[in-house]
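One-letter residues, chain by chain:
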Amino acid sequence: MTFPKDFLWGGATASAQYEGGFDQGGRGKSQLDFIDFVPSVNRKNSIGTDYMSLERFLKIRNNEGEYNLPYRRGSEFYTHYKEDIALFAEMGFKTYRMSISWCRIFPTGEETEPNQEGLKFYHDVFDELRKYGIEPLVTMIHYENPLPLTEKYNGWEDKRLIDLFVKYSKVLIDEYKDKVKYWITFNEINATLSTPYVGAGIFVEKSEKNELSVCYQALHHQLIASALTVEYAHKTAPQCMIGCMIARLECYAETCSPADVEATMIEDQINLSFFDVMARGYYPKSMLNYFRDNDISFDYVENYQEILKNNTVDFLAFSYYMTYVVSADPSKAENPGNLVKSLVNPYIEVSEWGWGIDPTGLRVTLNKIYDKYRLPMFIVENGLGAVDTLEADGTIHDDYRINYLREHIKAMDKALDDGVELLGYTTWGCIDICSASFADMTKRYGFIYVDADDYGKGTYDRYRKDSFHWYKKVIASNGEDID
């Protein structure tokens, strides 16, 4: 195997899905605190978390006690963090990717001074990680905006959120720069295109712009906020590395028809355009053409070209779960289980939720990204969502997860042998957390089982799955022993 000696093996979670303690320590509410759990009809046609409309939000906002709101609970990391970090250390984690809750630091987003209880909580978490020699990899915002910014400004559609976020990100850098080396500004920044409320705290129906225009307006503001944060980090914490992140959607043409190939090229350009802006410092011509051809217009921030050009990132991070198939024919049937519009790929297996399992695609995308940008990369999300069963003896047998991860590690090894530069690998939901796609606990990703159901019932005790012991062996051998 070709993994470097300092390769950062670990796992990843998000504050909104894991932390809990929504009403403790002075934390304010986020827009995700108002996403309710809707039971599935079946796993491939469930109502996901991207359904939030203004009408539904107002119903929940005015009758909170009548709804099951899982993001408020998460997996209770707020009170279990020492126990959980000890389990991460037992697996041998070199790094742990986590996010900070903006509304725990600035409860409404508009305070002039940060919440000291919130700052102390993360100091305690970082100190606990350091005790075990685990390097924090910190995402500044993982879909979690203070609720008042959605209600007052329609989230990131309003440019005032730039200054509010930069105030917050500067506090994080000043406060934790001696404890955190690796930073990511926005989680899966491109997710706003498919989930505007989750990704940017916006209601498209409140805007005067068409849907794509309001999404790209919000994204433009996020890209500027990210660049200004990079500028501050480079000036005040040069010992740190600061990166960006997208949801990587490697895509294949349905056929070798030139029309299908062209449509696939455009999809790929859209997906990678966010790396172009954050790593190269400009909107590529292909995206300007896409804006023109699809009636997308938004207001650019003053001096945006200079801001983007002068503040590019140090590394590229991305999530990788699946690949998808593109056709130029808009009438083609779609696979509803996927994150994006996609045709069924007959050459790969799918998960219970219809997500295509394609480890070869990971090697392909690693090579493609590295060939284009020549920056170090970090795979910060990868994993298999599945239904796990807690046996009477406290064991959980999840060979399906081991098989999934093993094949993706093999693909990483091949990409490293191809010459790509890869900093590390953090599997998603290394401990069971509230699902991002369905706000449930049924869909689990972790090496550690949390005894809780979709309605918050359970002991919240932690149990080691078979994959826990397997991943411990993988890390100890630096990727050599994956059987």
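Refer to the structure presented above.
The residue numbers shown here count from 1 along each chain, following its written sequence. Local features are withheld for residues below a pLDDT of 70 in this predicted model, meaning they are given only at 70 or higher, and side-chain atom pairs are given and counted only at 80 or more; totals for whole chains, interfaces and linings count all residues. Only hydrogens and water are removed before side-chain values are computed, so all heavy atoms of the structure are retained for them.

A. Spotlight on the state of the cysteines. Cysteine sulfur atoms that pair up within 2.5 Å are treated as a disulfide. In total, this model carries zero disulfides according to the counting rule given. No disulfide involves Cys430; its sulfur sits 15 Å from that of Cys434, the nearest cysteine.

B. Up close: the packing of aromatic side chains. Planes of paired rings set the category: under 30 degrees apart is stacked, over 60 is edge-to-face and the rest tilted, where pairs are Phe, Tyr or Trp rings (Trp by its six-membered ring) whose centres lie within 6.5 Å. For the structure on display, the rule yields 45 aromatic pairs. Consider the rings of Tyr283 and Phe298, whose centres lie 6.4 Å apart with planes at 45 degrees: the pair is tilted. Note that Tyr283 is positioned in the loop between α10 (258-280) and α11 (285-293) and Phe298 in the loop between α11 and α12 (304-309), a separation of 15 residues in sequence. Taking relative accessible area as the criterion, Tyr283 reaches 12% and is therefore assigned buried. Using a 1.4 Å probe on the protein chains alone, a residue whose accessible area is under 20% of its type maximum counts as buried, one over 50% counts as exposed, and one in between counts as partly exposed. A residue is classified by how much of its surface remains accessible, and Phe298, at 9% relative accessible area, is buried. Taken together, the aromatic side chains of Phe3, Phe7, Trp9, Phe88, Phe93, Tyr96, Tyr425, Phe447, Trp470 and Tyr471 make up a single cluster linked through ring pairs. Only lysine NZ and arginine CZ atoms are considered, and such an atom sits over a ring when it is within 6 Å of the ring centre and within 35 degrees of the ring normal. A cation over a ring is seen here: Lys443 above Trp355, with NZ or CZ 3.8 Å from the ring centre. A cation over an aromatic ring shows up here: Arg464 above the ring of Phe468, its NZ or CZ 5.5 Å from the ring centre. The secondary structure listing takes helices from DSSP runs of H or I that are at least 4 residues long and strands from runs of E that are at least 2 residues long, numbered from the N terminus.

C. Structural detail: the pairing of strand β2 (residues 95-99). Across the five residues that make up β2, a large majority, five, are buried. Strands are treated as partners if at least two bridges between them are detected by DSSP. Pairing geometry for strand β1 (residues 8-12) and β2, over three bridges, is parallel. When the sheet's bridge partners are listed, Ala12 is paired in β2 with Arg97. Strand direction decides the pairing type here: β2 and strand β3 (residues 135-141), joined by five bridges, are parallel. Looking at the pairing, Met98 lines up with Val138 of β3.

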